[in-house]
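Understanding the architecture of this molecule
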Amino acid sequence: VGVPSGLQMDRPICIGQCPELFTEHVYCPGQTEVTKKSSQNGITQDDYTIIHQSVQQYDTYPTKVVANRYCHPDIPWNETLADHLQIVSEGSFVNRILQAFGGLLQAPLLLVGVVVGSVIFSFVYLFFLKYCTKCLVWTATLVLTLILLTMGGGLLFVAHSRSG
């Protein structure tokens, strides 16, 4: 079994479940034809772009579920197919962002855990603000003062060593 020919790997389609046999059929986008036309109506000129997208029937091939979202061909290792799959999985920046947000819906337990953890850490932060504010303010003031004094001393040292 070789690489399925004629598939446009940059245009994936949605199906109910990943095919496991060669006996099913799916409809995939075919080649796109773009035609530009213009017409003159008295004073104005109208430009039209006509996009014709064909749909072709393809026989299925055995696939396996990847990341609970994609159907990748379940065929022996093939360099050409691996290159196509890598290009498709990388996608554009916007596509990767949309996939990340779509992936959140695939992990509802993780999302609930993050929300609960955020609420817990918010209360811990409020506790520290209530009981340790004085210590935090004095520590931050001391650290900031030491940093500024060190930088000022360093600048004075560099200025004195260059001029003298």
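Here the residue numbers are simple positions, counted from 1 along each chain's written sequence. At least 70 in pLDDT is required for a residue's local features to be given in this predicted model, at least 80 for side-chain atom pairs to be given and counted, and no such filter applies to totals for whole chains, interfaces and linings, which use all residues. Based on all heavy atoms of the structure, the side-chain values leave hydrogens and waters out of the count.

1. Concerning the overall build of the protein
Rules: Elements are defined by DSSP. Helices are runs of H or I of four residues or more, strands are runs of E of two residues or more, and each kind is numbered from the N terminus. Classification of residues uses two cut-offs on accessible area relative to the type maximum, computed with a 1.4 Å probe and protein chains only: under 20% is buried, over 50% is exposed, and between them is partly exposed. Throughout, a residue-residue contact means that at least one pair of heavy atoms, one from each residue, lies within 4.5 Å. Reported accessibility uses the Shrake-Rupley method at a 1.4 Å probe radius. Residues are deemed covered only where the shown protein chains occlude them.
On a plain count of helices and strands, the protein comes out with 3 helices and 4 strands. Ordered by position from N to C terminus, the α and β elements of the protein give β-β-β-β-α-α-α. A buried classification covers 11% of the 164 residues belonging to the protein. For the protein, long-range pairs separated by at least 24 residues make up 50% of all intrachain contacts whose partners lie at least 6 apart in sequence. Counting every atom, the protein has about 13700 Å² of accessible surface; 66% of that belongs to carbon and sulfur.

2. Re the packing of aromatic side chains
What counts here: The criterion for an aromatic pair is that two Phe, Tyr or Trp rings (for Trp, the six-membered ring) have centres within 6.5 Å, with stacked assigned to planes under 30 degrees apart, edge-to-face to planes over 60 apart and tilted to the rest.
Tallying each qualifying case throughout the model produces 2 aromatic pairs. Consider the rings of Phe-127 and Phe-128, whose centres lie 5.8 Å apart with planes at 70°: the pair is edge-to-face. Look at Phe-127 and you get partly exposed, because its relative accessible area is 44%. Look at Phe-128 and you get partly exposed, because its relative accessible area is 41%. For the ring pair Phe-127 and Tyr-131, a centre distance of 4.9 Å and an interplane angle of 50° mean the geometry is tilted. A residue pair is termed a helical-turn pair when its members lie 3 or 4 positions apart in one helix, as Phe-127 and Tyr-131 do in helix α3 (residues 108–163) at 4 residues. By relative accessible area, which is 54% here, Tyr-131 ends up exposed. Cluster of aromatic residues (ring-pair linked, three or more members): Phe-127, Phe-128 and Tyr-131.

3. Topic: the confidence of the model for the protein
Heads up, the rule is: The predictor attaches a confidence to each residue, called pLDDT, with possible values from 0 through 100.
Across the protein, pLDDT averages 79, with 74% of residues at or above 70. Taken element by element, the predicted model of the protein shows its lowest mean pLDDT in helix α1 (residues 79–90) (57) and its highest in α3 (91).

4. Digging into the side chain of Thr-63
Under the convention used in this document: Two N or O atoms count as a polar contact when they lie within 3.5 Å, although within protein this holds only if one can serve as hydrogen donor and the other as acceptor, and sequence-adjacent residues are included solely when both atoms are side-chain atoms.
Looking at the secondary structure, you find Thr-63 in strand β3 (residues 63–66). On the basis of relative accessible area, Thr-63 is assigned to the buried category, the value being 12%. Of note is the side chain of Thr-63, whose polar atom sits 2.7 Å from the backbone oxygen of Pro-19. Sequence-distant contacts of Thr-63, that is, excluding residues within four places in its chain, are made with Cys-18, Pro-19, Cys-71, His-72, Pro-73 and Asp-74.

5. Quick word on the state of the cysteines
Cut-off, in case you're wondering: When two cysteine sulfur atoms are found within 2.5 Å, that pair is recorded as a disulfide.
For the structure shown, the criterion picks out 0 disulfides. Take Cys-132: it sits in no disulfide, and the sulfur closest to it among the cysteines is that of Cys-135, at 6.4 Å.

6. Some thoughts on the pairing of strand β2 (residues 44–59)
Each regular strand shows side chains that alternate between the opposite faces of the sheet. Just so we agree on the cut-off: Note on pairing: two strands pair once DSSP finds at least 2 bridges between them.
Bridge count between strand β1 (residues 25–41) and β2: 15 bridges; the pairing is antiparallel. Paired with Gln-40 across the two strands is Gln-45, which belongs to β2. Taken together, β1 and the strand that follows it, β2, pair antiparallel across an intervening segment of 2 residues, in which Gly-42 is found at a positive phi of about 65°.

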